[in-house]
Amino acid sequence: MNVFVYCEITEEDAFAEVSLELLSKGRKLADKLKVKLEAVVIGNKIANPEEQLFPYGVDVIHLAEDKRLFPYTTLPHFSIITKLFQEKRPQVALFGATSVGRDLAPRVASKLRCGLTADCTALEIGEHTDTKTGKVYTELLYQIRPAFGGNIIATIINPETRPQMATVREGVMTKEIYDPNYKGVVEKLQVEHYISDDDFAVKIISREIEARKINIKNAQIIVAGGYGMGSKENFNKLHELAAQTGAEVGATRAAVDAGFTESERQIGQTGVTVRPKLYIACGISGAVQHRSGMEESAKIISINTDPNAPINSIADYTVIGDVNDVLPKMIKAIMNTKIKK
Amino acid sequence: MNFNIIVLIKQVPDTRNVGKDAMKSDGTVNRTALPAIFNPEDLNALEMALRIKEQIPNTVVTAITMGPVRAADILREALYRGADKAVLVTDKKFAGSDTLATSYILSLAIKKIGRVNLVIGGRQAIDGDTAQVGPQVAEKLNIPQITYAEEVVKVTNDNIQIKRRLERGVELVEVAYPCLITVHSSAPPCRFKNAKKVMKYKKYYTVSEQQNENMNCISILDRVIEEWNASDMNANMEMLGLSGSPTKVKKIDNIVLVQKDNKLLTASEYDIALLMEDLSNNHLLGK
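Residues numbered from 1 in each chain as written. Chains lettered and ligands numbered in written order. Predicted model: local features only at pLDDT ≥ 70, side-chain atom pairs only at ≥ 80, totals over all residues.

Provide a residue-level description of the pairing of strand S2 (residues 37-43) of chain A, including the pertinent values.
All names here are of chain A. Of all 7 residues making up S2, 7 are buried, and the element is well covered by its neighbours. In S2, alternate side chains face the same way, and those of Leu37, Ala39, Val41 and Gly43 on one face and Glu38, Val40 and Ile42 on the other are all buried. Summarising the sheet, strand S1 (residues 3-7) and S2 pair through 5 bridges and their orientation is parallel. Across the sheet, Cys7 pairs through a bridge with Val41, a residue of S2. Crossover handedness for the path S1 to helix H1 (residues 17-33) to S2: right-handed. (Buried ≥ 20, exposed ≤ 12 C-beta atoms within 10 Å, placed from the backbone. Helix = DSSP H or I, 4+ residues; strand = E, 2+ residues; numbered from the N terminus. Pairing = 2+ DSSP bridges. Right-handed = clockwise from strand over helix to strand, strands pointing away.)

Structure representation (structure tokens):
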């Protein structure tokens, strides 16, 4: 009845950031529930999982190693997880909302007939009283996420089924070392017991993996553009301002969908979550999906023609005006302050 | 023998274009203000099916949607764009279904069709963005899944090669039939409606539509869009709707913004210069 986290292996043979973030969250949930935190690691020749994972407060690492288990394909990972969960009966199971986690978790939930909530922005422990039966449930996992185009925030629960499953995007939870000297145990899984030849129905013929170029997650300053930027060309002005301020350029989903910039720059519920010291929102109205990915920024500046844009209510400064007029003025002002100094 | 492709489609509220009237004064969603549309990635899925049909002789493309009677609109649209058959899966008992119950219902509809080579759907629907129904239908059918498909690289009577779009690159995979594919928005867009097909299919209705419109049911049998309910598919009633859904909505919070101490500035050079100086003095600029 412990908390389980599926720990994803990246192309660089490291653990995915999101998995480490989820271990940190999982440890807090496990402490609250007074249970253990267990990590599931599936791959091929993984270097020092103990050293890498125990400091996050991991009590047990379930390790499945086989040359056929990396790169990831759905069915073998699915078979290992479902059988392991049937044996160990976790009460909570967390997955990164990555292209792997979002492929794997739903299939696992279907097999185990349990509930799964995608792209949670918060996870809490709480209780619930069924209004019809009066039955009281304690220590449930509250799976909290924006819904219906982000116009509402829904709290989802799974009163009856276990594990309670959720996926979470990278950057939503905060990665922190629990105890550098924390020690758990490693349980090596007999892979043959979990998988069969049928699990290798999908064959990988070739892969082309690009290096991660854009790093908005760790940027201290972000200049972000929304649909209000109007065009791909206007996005260049954001890059100019970013170059002058040591910033990285971010975008809303609407701007990405409109083809103004790359999807790697997308901030929000279905993109990355950022907490920079300064966030300059240009032509962004501030739908809740976007805000959920940036509202913890230390300082927020909004540039918008609409004085009633929702983003303004979380901004520290609001400039009422057209971004294409304001941005050049900002760039000029920065040049001037630099000359003064 | 026919090569059978099922395309799973969904009618969704257009949450991408939420206007000012989309929220009621009490803060709840005004669903009627949002137009109902063909889920965008399901159109990419339909196009993928139609391209495979062009390469494999005797292919039958059947569009299936689960939803209320008005969802028949997107079935007709699928027929206009090139699908061969359409099935509406509808029942009041389906109301409140989460992804698990939905995938169970869709898997029953697919099983009722019989021998299927490919099931293709959009990666996710814009009203929920969960991307769960595809993999869950694959599990219910006990067939492999290929998610985030971007391009069919090669297709034969025995197997298919698909290029998948990953977070950081692409992957080429091969699988034998049957399998389920979910299609990414980066896949080719769907072809337009065909005028001849519009003429042919615009009078195709489901049984419920005919009853609702008080049409005298003179339609020739093959002019009917198939309509199946829970008992038509021998569904286990416990696995439908709310009772078949392990996820429950505990509460819904409307978005309430907390007003910060906000400094309002104009776009004048003076105001902006002050702002930038302020930021600079507060060590907010530079790495």
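Describe the interface of chain A and chain B, naming the residues involved and giving the relevant values.
Every contact between the two is made by 72 residues of chain A and, on the other side, 67 residues of chain B. Those elements that provide at least two residues to the side of chain A that touches chain B are helix H3 (74-88), helix H4 (101-112), strand S5 (116-120), strand S8 (152-157), strand S11 (203-209), strand S16 (317-320) and helix H9 (323-340) of chain A. With 8 residues, H9(A) is the single largest residue contributor to the side of chain A that touches chain B. Among the residues making up the side of chain A that touches chain B, the classes are represented as 31 nonpolar, 23 polar and 18 charged. Pairing analysis gives 6 bridges linking S11(A) to strand S9 (residues 169-176) of chain B, with the strands arranged antiparallel. Within the sheet, the bridge partner assigned to A:Ser206 lies in S9(B) and is B:Leu172. (Contact = placed C-beta atoms within 7 Å. Nonpolar A, V, L, I, M, F, W, Y, C, P; charged D, E, K, R; others polar.)

An account of the nonpolar core is needed here, citing residue identities and associated values.
The biggest cluster of nonpolar side chains holds 137 residues, and the ones touching the most others in it are B:Val7, B:Leu46, B:Ala49, B:Ala78, B:Ile105, B:Ala109 and B:Ile120. For this core, the element with the highest residue contribution is helix H3 (residues 99-113) of chain B, accounting for 8 residues. With 45 residues, the next largest nonpolar core counts A:Cys282, A:Ala309, A:Ile314 and B:Leu285 among its residues. (Core = buried A, V, L, I, M, F, W, Y, C linked by C-beta atoms within 7 Å.)

Before we move on, can you summarise unusual backbone geometry with the specific residues and values?
At the junction of A:Phe70 and A:Pro71, the peptide bond is cis and its omega measures out at -5 degrees in the coordinates. Residue B:Pro178 is reached from B:Tyr177 by a cis peptide bond, and omega for that bond is -5 degrees. Within the secondary structure, B:Pro178 is located in the loop between S9 and strand S10 (179-183). Positive phi outside glycine occurs at B:Ala131, with the angle close to 60 degrees. Inspection of the secondary structure puts B:Ala131 in the loop between strand S6 (118-122) and helix H4 (133-141). In this structure B:Ala131 comes out as buried when scored by C-beta crowding, with 26 C-beta atoms within 10 Å. A positive phi angle is found at B:Asn142, which is not glycine, with a value near 55 degrees. Tracing the backbone shows B:Asn142 in the loop between H4 and strand S7 (145-155).

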